[in-house]
Amino acid sequence: MSKIIFVNPPLTLKDRYGKFNLGGTVMPPLGLTNLAAMTREKGYHTKIIDGEIMRLDELSIAQAIAEERPDYVGITAVTLSIAKAAKIAGLIKSLVPSVKVIIGGPHITALPEKTFRIFKNFDIAVLGEGDITVCELLEALDRNSSLSDVKGIMFWRNNELVITQPRELIADLDKLPLPAWDLLPDLRRLYRPPINAFNRFPVGYLITSRGCYGRCIYCSRAVYKNKVRLHSAEYIVKMIKDLQNRFRVKEILFDDDEFLVNRQRIERLAELFNTHKIRISWSCLSRIKKLDPDLLRTLKKMGCWQISFGIESGDQGILDFLKKDTTLTQIESTLEAAQKSGIRTKGFFMIGHAIDTHESIKNTIRFAQKIALNDLQSSVFTPLPGSEIYGIARQYGTFDERWEKMNYWNIVFVPNGLTSEELLRYQKELFTKFYFRAHIIFFYMMMIRNPYQLASIFRAFTAFLKFIFSQRTKERTTELSYHEESITS
């Protein structure tokens, strides 16, 4: 049977987190574990190379692939890593010309033709949800049959780009095999979430749904659209028990965009936790919504200790522009209800929204200090390909569209009326006014339960101080190289 190797490009912590790299962490490429499970089930010899966690450079990855002599290589890429993916593809082609290189992920789905015209080393692109597509594609390649009949792909034919019919979204996620966690380098030892995202170790990572019903203008909906599909509570329990039995996982990080989207599923999950005597610590992400005392008691009893919310701004005008479909009052009441139940809260904020002003950012800083939050993360507004704001960002400010800069920490967008230096100053002010408070410091001290957490907090605190007390910041580059200009043309 044919062999396929899936590759996660080697982003460094500096690539991902910029000035916060000392406190950065690496999460497993869950999308690749899903694809690998599909191809393995179909009988293909399957392997995953996670260049990021293994700290391999592009040449080392290509050489490792050349030694394996696979028939196919599948590379996943976000916008930040697409250039690295292209470099890997070129190196593979130079070492093993016969290998077909397939690219997938959110970036290629959002900007397929533009990306293929810039980077010539990819043979085929999988657009959208890839689980079924990749298997049908490999079968077509094995048979040397027409690729035009495979839905959801793009390829070159006679120097012309061919995009086939879109692939339908998978209706029943429970029909998919369990993720191939065993193909990752070492799930138990190497992958660790941020220090403020887990209580116990080892940690398992789960995505139990696909899609989001939100309308936020900064989110890319290129792959999963606005249609929400869920794994059943029974399937979730199957995944948890698999992680517990095979990897001795003691904590779960549910990385869904909105884990609490369906109350009936949560209530059924609670029943199954009780039936199967599942005792596990876990945290999740949620949109701001009404969390009544009964639901919160259920979550707490199930082992939930923290819920993270995408708050983004403390100014109602900004929230309305972002299409958050929430109010400041709803945010306050949701966070207060969670904390009263004994569940910790974390808020995600962004500085430098398209219509942010000095006053709206000051409102955000005041709001962050006022609401019931145990933890806060603040990035900068980044118009990503596939989002509504991406195509219109220049109407609201200056936009540096270099893909390799888009990590949520580099300032690539500056709204009219503000400067990058002012955005950086406001970001520092938000961090200092939130974290330099006695009860927040006490919260972090109470989180220390083992040497890893102590070391992680020390690294994060070092990065924090380095960022806060830096005396000078580099000015944003205004001139692009010829290659960079080609990306934005």
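Computed from a predicted model, the values in this text were never measured in an experiment. (Residues numbered from 1 in each chain as written. Predicted model: local features only at pLDDT ≥ 70, side-chain atom pairs only at ≥ 80, totals over all residues. Heavy atoms only, no water.)

Let's talk about the overall build of the protein
For step 1, the next point in the chain: Per the secondary structure count, the protein includes 17 helices and 17 strands.
For step 2, the next point in the chain: Contacts in the protein between residues far apart in sequence, at least 24 positions, make up 74% of those at least 6 positions apart.
For step 3, the next point in the chain: Counting only carbon and sulfur atoms, one obtains 52% of the accessible surface of the protein, whose full area is about 21600 Å². (Helix = DSSP H or I, 4+ residues; strand = E, 2+ residues; numbered from the N terminus. Contact = heavy atoms within 4.5 Å. Areas by Shrake-Rupley, 256 points an atom, 1.4 Å probe, with all protein chains shown as cover.)

What to know about helix H2 (residues 30-41)
For step 1, the next point in the chain: Given a rise of 1.5 Å per residue, twelve residues ought to cover 16 Å, and the 17 Å separating the end C-alpha atoms of H2 matches this to within 8%.
For step 2, the next point in the chain: Listing the buried residues of H2 in full gives Leu30, Leu32, Thr33, Leu35, Ala36, Ala37, Met38 and Thr39.
For step 3, the next point in the chain: Those residues of H2 that are buried are in contact with strand S1 (3-8), strand S2 (45-50), strand S3 (72-76), helix H7 (131-143) and strand S8 (203-206).
For step 4, the next point in the chain: Positive phi appears at glycine 43, one or two residues downstream of H2, with a value of about 100°. (Expected span 1.5 Å × (residues − 1). Buried < 20%, exposed > 50% of the residue type's maximum accessible area, 1.4 Å probe, protein only.)

A word on the pairing of strand S7 (residues 160-163)
For step 1, the next point in the chain: The pairing of strand S6 (residues 153-157) with S7 spans four bridges and is antiparallel. Residue pairing across strands places methionine 154 opposite isoleucine 163, the latter belonging to S7.
For step 2, the next point in the chain: Connecting S6 to the next strand, S7, in antiparallel fashion are two residues, including asparagine 158 with a positive phi near 55°. (Pairing = 2+ DSSP bridges.)

Looking at the sheet that holds strand S11 (residues 251-254)
For step 1, the next point in the chain: Spatially, the six strands line up as an open sheet ordered S8-S11-S12-S13-S14-S15, and their pairing is parallel. Edge strands, defined here as strands with exactly one partner in the open sheet, are S8 and strand S15 (375-380). Adjacent strand axes in the sheet meet at a mean angle of 20° when their direction is disregarded. (Axes fitted to C-alpha atoms, helices over the stretch in contact; angles between N-to-C directions.)

A look at the pattern of salt bridges
For step 1, the next point in the chain: Within the structure shown, the criterion is met by 29 salt bridges.
For step 2, the next point in the chain: Residues aspartate 294 and arginine 297 are paired through a salt bridge, measuring 2.3 Å at the closest nitrogen-oxygen approach. Highlighted residues: aspartate 294 and arginine 297, both in helix H10 (residues 293-302), separated by three residues, approximately one helical turn.
For step 3, the next point in the chain: Classification of aspartate 294 by relative accessible area gives partly exposed; the value is 47%.
For step 4, the next point in the chain: Each of Arg40, Asp182, Asp242 and Arg246 takes part in salt bridges that share partners, so that together they form one network. (Salt bridge = Lys/Arg side-chain N within 4 Å of Asp/Glu carboxyl O.)

Brief notes about the environment of glutamate 68
For step 1, the next point in the chain: Within the fold, glutamate 68 resides in helix H3 (residues 58-68).
For step 2, the next point in the chain: Residue glutamate 68 is classed as partly exposed on the basis of its relative accessible area of 28%.
For step 3, the next point in the chain: Sequence separation of glutamate 68 and isoleucine 5 is 63 residues, and the distance between their C-alpha atoms is 8.7 Å.
For step 4, the next point in the chain: Look past the residues within four positions of glutamate 68 in its chain and what remains in contact with it is Lys3, Ile5 and Lys47.

Points about the confidence of the model for the protein
For step 1, the next point in the chain: In this model, the protein carries a mean pLDDT of 90, and residues with pLDDT of at least 70 account for 89%.
For step 2, the next point in the chain: Scored below 50 in pLDDT, residues 471-489 makes 29 contacts in the model with residues more than four places away or belonging to other chains. (pLDDT = per-residue confidence, 0-100.)

Concerning the nonpolar core
For step 1, the next point in the chain: Counting residues in each nonpolar core, the largest one holds 100 residues, and the members touching the most others are Trp282 and Leu299.
For step 2, the next point in the chain: In terms of residue count, the dominant contributor to this core is helix H8 (residues 233-247) (eight residues).
For step 3, the next point in the chain: In this structure, tryptophan 282 is in contact with Glu251, Ile252, Phe254, Phe259, Phe273, Leu299, Met302, Gly303, Cys304, Trp305 and Gln306, ignoring residues within four places of it in sequence.
For step 4, the next point in the chain: Membership of the second largest hydrophobic core comes to 47 residues, among which are Val7, Ile75, Phe116 and Met350. (Core = buried A, V, L, I, M, F, W, Y, C linked by side-chain atoms within 4.5 Å.)

Some remarks on the sheet that holds S2
The pairing of strands in a sheet happens through backbone hydrogen bonds and is either parallel or antiparallel.
For step 1, the next point in the chain: Spatially, S2-S1-S3-S4-S5-S6-S7 is the arrangement adopted by the seven strands of the open sheet, whose pairing is mixed. Across the chains shown, the open sheet's two edge strands, defined by having one partner strand only, are S2 and S7. For this sheet, the mean angle separating the axes of adjacent strands, direction not counted, is 20°.
For step 2, the next point in the chain: Where S3 and strand S4 (residues 100-104) come together, five bridges link them in parallel fashion. Each residue of the ladder has a partner; that of isoleucine 75, found in S4, is isoleucine 103.
For step 3, the next point in the chain: Where H3 meets the sheet, its contacts fall on S1, S2 and S3, and the angle it forms with S1 comes to roughly 170°.
For step 4, the next point in the chain: Sitting on the sheet, helix H4 (residues 82-95) is in contact with S1, S3 and S4, with an inclination near 170° to S4.

Some remarks on the side chain of threonine 208
For step 1, the next point in the chain: Structurally, threonine 208 is set in the loop between S8 and strand S9 (209-210).
For step 2, the next point in the chain: In contact with threonine 208, other than residues within four places in its own chain, are Leu230, His231, Ile236, Met239, Phe254, Asp256, Phe259 and Arg265.

Some details on the environment of glutamate 421
For step 1, the next point in the chain: You can see glutamate 421 is positioned in helix H14 (residues 420-435).
For step 2, the next point in the chain: C-alpha separation for the pair glutamate 421 and isoleucine 411, spaced ten residues apart in sequence, amounts to 9.4 Å.
For step 3, the next point in the chain: A polar atom in the side chain of glutamate 421 sits 3.3 Å from the side chain of serine 420. (Polar contact = N/O pair within 3.5 Å; in protein donor to acceptor, adjacent residues only side chain to side chain.)

Some words on the side chain of histidine 231
For step 1, the next point in the chain: Structurally, histidine 231 is set in the loop between strand S10 (229-230) and H8.
For step 2, the next point in the chain: There is a polar contact of 3.4 Å between the side chain of histidine 231 and the backbone oxygen of leucine 173.
For step 3, the next point in the chain: Apart from the residues within four sequence positions on either side, histidine 231 is in contact with Leu173, Asp174, Ile207, Thr208, Ile236, Met239 and Arg265.

Section: H14
For step 1, the next point in the chain: With 16 residues, H14 should reach 22 Å at 1.5 Å per residue; the first-to-last C-alpha distance of 23 Å fits that figure.
For step 2, the next point in the chain: Inspection of H14 places Ser420, Leu423, Leu424, Tyr426, Gln427, Lys428, Leu430, Phe431, Thr432, Phe434 and Tyr435 among the buried residues, and these make up the whole buried set.

What about the packing of aromatic side chains?
For step 1, the next point in the chain: Within this structure, the stated rule accounts for eleven aromatic pairs.
For step 2, the next point in the chain: An angle of 25° between the planes, with centres 6.2 Å apart, marks the rings of phenylalanine 116 and phenylalanine 122 as stacked. Both residues of the pair, phenylalanine 116 and phenylalanine 122, count as buried.
For step 3, the next point in the chain: An aromatic cluster is defined as three or more aromatic residues linked by ring pairs; in this entry it consists of Phe116, Phe122 and Trp156.
For step 4, the next point in the chain: Arginine 425 extends its terminal NZ or CZ atom over the ring of tyrosine 426, reaching a point 4.9 Å from the ring centre. (Phe/Tyr/Trp six-rings, centres within 6.5 Å; stacked < 30°, edge-to-face > 60°. Lys NZ or Arg CZ within 6 Å of the ring centre and 35° of its normal.)

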